[in-house]
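Architecture at a glance
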Amino acid sequence: MWFKTKKKVAKDPFMSPASRAPRYNSVARVRINGFEGEAVLRNASIGGFCMKSRTYAAIQTGERYTIWIQPERSANISAFELKVEVRWTQSSETSFSSGFLIVSAPANNHYEKYIDHVKITFSEKKGIPA
């Protein structure tokens, strides 16, 4: 029997093992399937986001819903709706979290503008040039 040794891949000296894309948090008013209230939206990207709230939302993994989002006033962006698919949920006595895949976004680009606003706001708070 012959055994091959695995070739070592050259590591990028600028990337640490714990490196990953920046994560952004924002607070917005959200309405989905009977839930309405403030929620923290995390890890927003064109493909999806996570939502965390103190209140349970009656949603099921794998199901599709329409979610209404009203960004914070400083965003100067009108409320918008997204068609989403629930990828996962976690619930405890004190919090509820869920991950969403965006199935379709509004044609008016409000969601993309919101992501840009959140990135700029995050950069300003951290003193990073936008």
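Description of the structure in this document. A quick note: this is a predicted structure, and the numbers were derived from the prediction, not measured. Each chain has its residues counted from 1, running along the sequence as written. The model is predicted, so local features are restricted to residues of pLDDT at least 70 and side-chain atom pairs to those at 80 or more, both for listing and for counting; the totals for chains, interfaces and linings are taken over all residues. Side-chain metrics in this entry use all non-hydrogen atoms of the structure; hydrogen atoms and water are not considered.

1. Examining the side chain of Ser26
Each helix is a run of DSSP H or I of at least 4 residues and each strand a run of E of at least 2, with the numbering of both proceeding from the N terminus. Tracing the chain through its elements places Ser26 in strand E1 (residues 25–32). With a relative accessible area of 9%, Ser26 lands in the buried category. At 2.6 Å, the side chain of Ser26 forms a polar contact with the side chain of Tyr114. By the convention used here, residues are in contact when the closest approach between their heavy atoms is within 4.5 Å. Those residues within four positions of Ser26 in sequence are excluded, and the remaining contacts are Ala39, Val40, Leu41, Glu72, Tyr114 and Val118. Each residue gets one of three labels from its accessible area relative to the maximum for its type: buried under 20%, exposed over 50%, partly exposed in between, using a 1.4 Å probe on protein chains only. Polar contacts, as counted here, are pairs of nitrogen or oxygen atoms within 3.5 Å of one another; within protein the pair requires one atom able to donate a hydrogen and one able to accept it, and residues that are adjacent in sequence qualify only if both atoms are side-chain atoms.

2. Looking at the pattern of salt bridges
Any Lys or Arg side-chain nitrogen located within 4 Å of an Asp or Glu carboxyl oxygen qualifies as a salt bridge. Taken as a whole and judged by the stated rule, the model has three salt bridges. With a shortest N-O distance of 3.4 Å, Glu85 and Arg64 are connected by a salt bridge. With Glu85 in strand E5 (residues 80–91) and Arg64 in strand E4 (residues 64–71), this pair connects stretches of sequence that are 21 residues apart. One salt bridge connects Glu85 with Arg87, and the closest N-O pair in it is separated by 3.0 Å. Exposure remark for Glu85: the relative accessible area of 14% places this residue in the buried category. For Arg87, a relative accessible area of 46% gives the class partly exposed. Put simply, Arg64, Glu85 and Arg87 are held in one network by salt bridges that share partners.

3. Side note on the sheet that holds E4
At least two bridges found by DSSP between two strands is the condition for calling them paired. Within the closed barrel, the six strands sit side by side as E1-E2-E3-E6-E5-E4. Their pairing is antiparallel. When strand polarity is set aside, the average angle formed by the axes of neighbouring strands in this sheet is 45°. One ladder, built from six bridges, connects strand E3 (residues 48–53) with strand E6 (residues 96–104); its direction is antiparallel. Paired with Lys52 across the strands is Ser97, a residue of E6. In this analysis an axis means a line fitted to C-alpha atoms, helices contributing only their contacting stretch, and an angle means the value between N-to-C directions, from 0 to 180 degrees.

4. What about the environment of Ser91?
Its location among the elements puts Ser91 in strand E5. Sequence separation between Ser91 and Arg54 is 37 residues, and the spatial gap between their C-alpha atoms is 9.5 Å. Non-local contacts of Ser91, meaning those with residues more than four positions away in its chain, are made with Tyr56 and Phe96.

5. Re the nonpolar core
Core analysis: the largest hydrophobic core is formed by 27 residues, its most contacted members being Ile32, Phe49, Met51, Ile67, Leu82, Val84 and Phe100. Of all the elements in the fold, those that place two or more residues in this core are E1, strand E2 (35–45), E3, E4, E5, E6 and helix H1 (110–126). If we ignore the near neighbours within four places in the chain, the residues touching Met51 are Val30, Phe35, Ala39, Val40, Leu41, Ala57, Ile67, Phe96, Ser97, Ser98 and Phe100. In plain words, nonpolar cores are sets of buried Ala, Val, Leu, Ile, Met, Phe, Trp, Tyr and Cys residues tied together by side-chain atoms within 4.5 Å.

6. Brief notes about the packing of aromatic side chains
Stacked, tilted and edge-to-face are the three classes assigned to paired rings of Phe, Tyr and Trp, where Trp is represented by its six-membered ring and a pair needs centres within 6.5 Å; plane angles under 30 degrees give stacked, over 60 edge-to-face, the rest tilted. If you walk through the whole model with that rule in mind, you get five aromatic pairs. With a centroid separation of 5.3 Å and 80° between ring planes, the pair formed by Tyr56 and Phe96 is classed as edge-to-face. One end of the pair, Tyr56, is in the loop between E3 and E4; the other, Phe96, is in strand E6, and 40 residues separate them in sequence. Take Phe96: its relative accessible area is 1%, and that puts it in the buried class. Aromatic rings pair up to connect Phe49, Phe80, Phe100, Tyr111 and Tyr114 into one cluster. Only lysine NZ and arginine CZ atoms are considered, and such an atom sits over a ring when it is within 6 Å of the ring centre and within 35 degrees of the ring normal. Above the plane of the ring of Trp68 lies Arg31, whose end atom (NZ or CZ) is 4.2 Å from the centre.

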